[in-house]
Amino acid sequence: AYWFGPAIDELAIYDLAAEKYDACLYPSSDACDIAIDGNDIGIDVKSYASPFLLAQALNQSIGGLVQYQRKIIAISDSVIAHNMQYLELLQLHYRSKMVLEFKSASDVKTWLETAV
């Protein structure tokens, strides 16, 4: 699950993005999982079981996502199903000044499906 779960979301998000945008999977040696329109939007899919550990990791570094104007962290729905407060806890414990958007993978997919 740790290896294949995130990849399923990454590929699904990429497929939806590629229908409407110039999308790239694992750009710049995996700076993020999906880049949209060059450096306009970067999406990184995460499946950490703990929102506290993910927040701690992101507080230290957001890695290559720093290159993107809009930065989205998409959390796998299976992880959120085990902890319905996951996104709220992640937002609460994320302390970096770098602006990140935290969304469920399904919310990112819905956004891409409804984008004009």
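Look up: the structure comes first, before these words.
Undergrad: Would you mind going over the packing of aromatic side chains with me for this structure?
TA: We describe a pair of aromatic rings using the distance from one ring centre to the other and the angle between the two ring planes. The final tally for this structure, using the stated rule, is one aromatic pair. Considering the side-chain rings of Tyr 94 and Phe 102, the 5.4 Å spacing of their centres and the 80° angle between planes classify their relative orientation as edge-to-face. Here Tyr 94 and Phe 102 have matching classes, each one buried. When the ring centre of Trp 111 is taken as origin, the NZ or CZ atom of Arg 70, which lies over that ring, is 4.8 Å away.

Undergrad: What's the story with the nonpolar core in this structure? I'm lost.
TA: Here is a general trend for soluble globular proteins: nonpolar side chains tend to be buried in one another's company. Leu 58, Ile 75, Leu 90, Leu 100 and Phe 102 are the most contacted members of the largest nonpolar core, which has 19 residues in total. Among the secondary structure elements, those contributing two or more residues to this core are α3 (51–60), β4 (70–75), α4 (77–82) and α5 (86–93). Setting aside residues up to four positions removed in sequence, Ile 75 forms contacts with Lys 46, Leu 54, Ile 80, Tyr 86, Leu 87, Leu 90, Lys 103, Ser 104 and Ala 105. Core analysis: the second largest hydrophobic core is formed by 14 residues, Ile 13, Leu 16, Ile 72 and Leu 112 among them.

Undergrad: Whenever I open this one, the pattern of salt bridges confuses me. Can you help?
TA: Between side chains of opposite charge, pairing is possible as soon as their charged atoms come close. Within the structure shown, the criterion is met by four salt bridges. Of the charged contacts, one joins Asp 44 and Lys 46 as a salt bridge, the two residues approaching to 3.6 Å between their closest N and O atoms. There is no split in this pair, since Asp 44 and Lys 46 are both buried. Residues Lys 103 and Glu 101 are paired through a salt bridge, measuring 3.7 Å at the closest nitrogen-oxygen approach.

Undergrad: Would you mind showing me how to read unusual backbone geometry here?
TA: The general pattern is negative phi for most residues beyond glycine and trans for most peptide bonds. A positive phi angle, close to 50°, is found at Tyr 26, a residue other than glycine. Among the structural elements, Tyr 26 can be located in the loop between β1 (23–25) and α2 (27–30). Judged by its relative accessible area of 34%, Tyr 26 is partly exposed. Positive phi values are uncommon outside glycine, yet Asp 30 reaches one of about 70°. Secondary-structure assignment places Asp 30 in helix α2. Classification of Asp 30 by relative accessible area gives partly exposed; the value is 44%.

Rules of the game
Residue numbering note: each chain is counted from 1, following its sequence as written. Only residues with pLDDT of at least 70 are given local features in this predicted model, and only at 80 or more are side-chain atom pairs given and counted; all residues enter the totals for whole chains, interfaces and linings. Each side-chain value is derived from all of the structure's non-hydrogen atoms; neither hydrogens nor water enter the calculation. Centres within 6.5 Å are what make two rings of Phe, Tyr or Trp a pair, Trp counting through its six-membered ring; a difference in plane orientation under 30 degrees is then read as stacked, over 60 as edge-to-face, and the rest as tilted. Throughout, exposure labels follow a simple rule: accessible area from a 1.4 Å probe, protein chains only, divided by the maximum for the residue type, with under 20% read as buried, over 50% as exposed, and the rest as partly exposed. Two conditions define a charge sitting above a ring: the NZ of Lys or the CZ of Arg must be within 6 Å of the ring centre, and it must be within 35 degrees of the ring normal. What makes a nonpolar core is a set of buried Ala, Val, Leu, Ile, Met, Phe, Trp, Tyr and Cys residues whose side-chain atoms join them at distances within 4.5 Å. To qualify as a helix, a DSSP run of H or I must reach at least 4 residues; to qualify as a strand, a run of E must reach at least 2; elements of each kind are numbered from the N terminus. Whether two residues are in contact is decided by their heavy atoms: any pair within 4.5 Å suffices. One speaks of a salt bridge when a side-chain nitrogen belonging to Lys or Arg is within 4 Å of a carboxyl oxygen belonging to Asp or Glu.

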